[in-house]
Amino acid sequence: MTASLPATMRASVLLAPRVLEVQERPVPALDPDQVLVEVAAVGVCGSDVHFWHDGRLGDWVVDEPLVLGHESGGRIVAVGRDVDPARIGERVSIEPQRPTPFSRETLEGRYNLDPHMRFYATPGVDGAFAQYVAIQSHFAWHVPDEVSDDAAALMEPLSVAVATAQKAAVTVGSRVLVTGAGPIGVLVAQVARAYGASEVVMSDISADRRAEALRFGATHVVDPLAEDVGSLGLDVDVFVDASGAAPAVQGGVRAVRPAGRVVLVGMGAAEIALPIPVIQNRELLVTGVFRYANTWPTAIELVRSGKVDVDSMVTGHFGLEEVGAAFASANSPGVLKSVVTPQR
Ligand code: ZN
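Every chain is numbered on its own, with residues counted from 1 as its sequence reads. Local features in a predicted model are, by the rule used here, given only for residues with pLDDT of at least 70; side-chain atom pairs are given and counted only at 80 or more, and totals for whole chains, interfaces and linings are based on all residues. Hydrogens are left out, water is left out, and the side-chain values use all remaining heavy atoms of the structure.

Q: Give a description of the domain arrangement of the protein that names residues and reports values.
A: Taken domain by domain, the protein consists of domain 1 (8–154 + 310–340) and domain 2 (166–288). Domain borders in the structure are assigned automatically or taken from a domain database. Put simply, the middle of domain 1 and the middle of domain 2, counted by C-alpha atoms, are 29 Å apart. Contacts were defined at the residue level, with two residues in contact if any of their heavy atoms lie within 4.5 Å. In this assembly, nine residues from domain 1 lie in contact with 11 residues from domain 2. Three residues, Ser312, Met313 and Leu336, lead the burial of domain 1 against domain 2; their summed loss comes to 58% of the area buried on that side. The term salt bridge refers to a pairing of a side-chain nitrogen on Lys or Arg with a carboxyl oxygen on Asp or Glu at a separation within 4 Å. The interface formed by domain 1 and domain 2 holds zero salt bridges in total. Here a polar contact means two N or O atoms within 3.5 Å. Within protein one must be a hydrogen donor candidate and the other an acceptor candidate, and residues neighboring in sequence count only if both atoms are side-chain atoms. There are two residue pairs in polar contact (both at pLDDT 80 or more) connecting domain 1 and domain 2. Any residue that is not Ala, Val, Leu, Ile, Met, Phe, Trp, Tyr, Cys, Pro, Asp, Glu, Lys or Arg is counted as polar, Gly included; the first ten are nonpolar and the last four charged. Per-class residue counts for the side of domain 1 that touches domain 2 are six nonpolar, two polar and one charged. Once two parts are joined, some of their accessible surface, as seen by a 1.4 Å probe, is lost; buried area is that loss totalled over both.

This is the structure:
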């Protein structure tokens, strides 16, 4: 441990829907296998915005004060008893999950599906809109100097895109449709191109977001209010929904060629009617992704090598006192990804 660490820190705490307060809290105490990270940057995620706006997200309900934020990076400033003190000073990206070590899913290598998972910024587990966070040392991933603090934070949503591309078996020459050009859709497009996709068609109802999609990997864009993606004869190998909108999912399934793959990433409507004969007659594989497992090394390399550009996706920076403003502007025109810098 270093002697110079303060005993308390500032954290942005959600007290009730749309009520945030910056509080003085104890700096987290470390378990033997943890490191303490001085947080440099935290991405604002749609799920944070939902928790803030509604006090809930799906089955999760915020019933006690909660620190949001799960896309974070920074610098190790202290280590637990079992961690090499040489790591102090290292810049890291945080994989914000804590699976139990011996669940069946963890032992099978799918630790993201561990039913006893503790994940940042879900009820009962504080997140990263704070000056310091604790994380298991193996999930504090070293980032090289050429990766920025913002990019270190955005390895988290990039990991969702990597997990999606892997599930969809995107490879050289793949033709891909992505519906929804928010941050996740744009990241999926970039990763698909990095994996060799020859075509990435993206649809979004916003002209603004369609223009952004073309900047970040889309080869074509479609306005779903003018054209139905299911009737364009796209015949793609892979369809990724990053919108959660029923018409996008239904049209997208119809756009997939026989034996193609469908990955549902977007969170929106909880139940959507699907064209079953299309899925049966074309033997489509339909799956979801729930976060990620074992994706950080790939995500860091995609950014380090310049194959994926997350820095250009950042449209604004906010201080810890401004987290509410960051949330309130999340769906405004021109906003793609906001980043909170808790040290200022
Ligand atoms: Zn997220």
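Q: Outline the coordination of the zinc ion, supporting the account with residue identities and numerical values.
A: Sites may look incomplete, because water is not among the atoms used; the donor set itself consists of N, O and S atoms within 2.8 Å of the metal (3.2 Å for Na, K and Ca). Looking at the zinc ion, one finds its protein donor set to be Cys45 (SG) and His70 (NE2), positioned 2.1 to 2.3 Å from the metal centre. Residue Cys45 is located in the loop between strand 3 (34–43) and helix 1 (46–54), and its partner His70 is located in the loop between strand 6 (66–67) and strand 7 (71–79); the two are separated by 25 residues in the primary sequence. An identical accessibility class is assigned to Cys45 and His70; each is buried. The secondary structure listing takes helices from DSSP runs of H or I that are at least 4 residues long and strands from runs of E that are at least 2 residues long, numbered from the N terminus. With a 1.4 Å probe rolled over the protein chains alone, any residue whose accessible area is under 20% of its type maximum counts as buried; one over 50% counts as exposed, and the rest are partly exposed.

Q: Go over the sheet that holds strand 2 (residues 19–26), please, and point to the residues and values.
A: Taken together, the three strands give an open sheet; going across it, the order is 2-1-6, and neighbouring strands pair in antiparallel fashion. The open sheet has two free edges, formed respectively by strand 2 and strand 6, since each of these has just one partner strand. Any two strands between which DSSP finds at least two bridges are classified as paired. Note that strand 1 (residues 8–16) and strand 2 share eight bridges and pair antiparallel. Considered in strand 2, the bridge of Val13 is made with Glu21.

Q: Quick one: what's the story with the pattern of salt bridges, residue by residue and with numbers?
A: Inspection of the entire model under this criterion finds 15 salt bridges. Residue Arg304 pairs with Glu146 through a salt bridge whose shortest N-O separation is 3.9 Å. A residue pair is termed long-range when its members are at least 10 positions apart, and Arg304 in helix 9 (residues 296–304) and Glu146 in the loop between strand 12 (140–142) and helix 3 (149–153) qualify at 158 residues. Glu146 gets classed as exposed once you look at its relative accessible area, which sits at 53%. Here Arg257 and Asp237 are joined by a salt bridge, their closest N and O atoms 3.2 Å apart. Within this pair, whereas Arg257 is found in strand 17 (residues 256–264), its partner Asp237 is found in strand 16 (residues 236–241), the two being separated by 20 residues in sequence. Using a relative accessible area of 37% as the deciding quantity, one classes Arg257 as partly exposed. Connected via shared salt-bridge partners are Arg104, Glu108 and Arg110.

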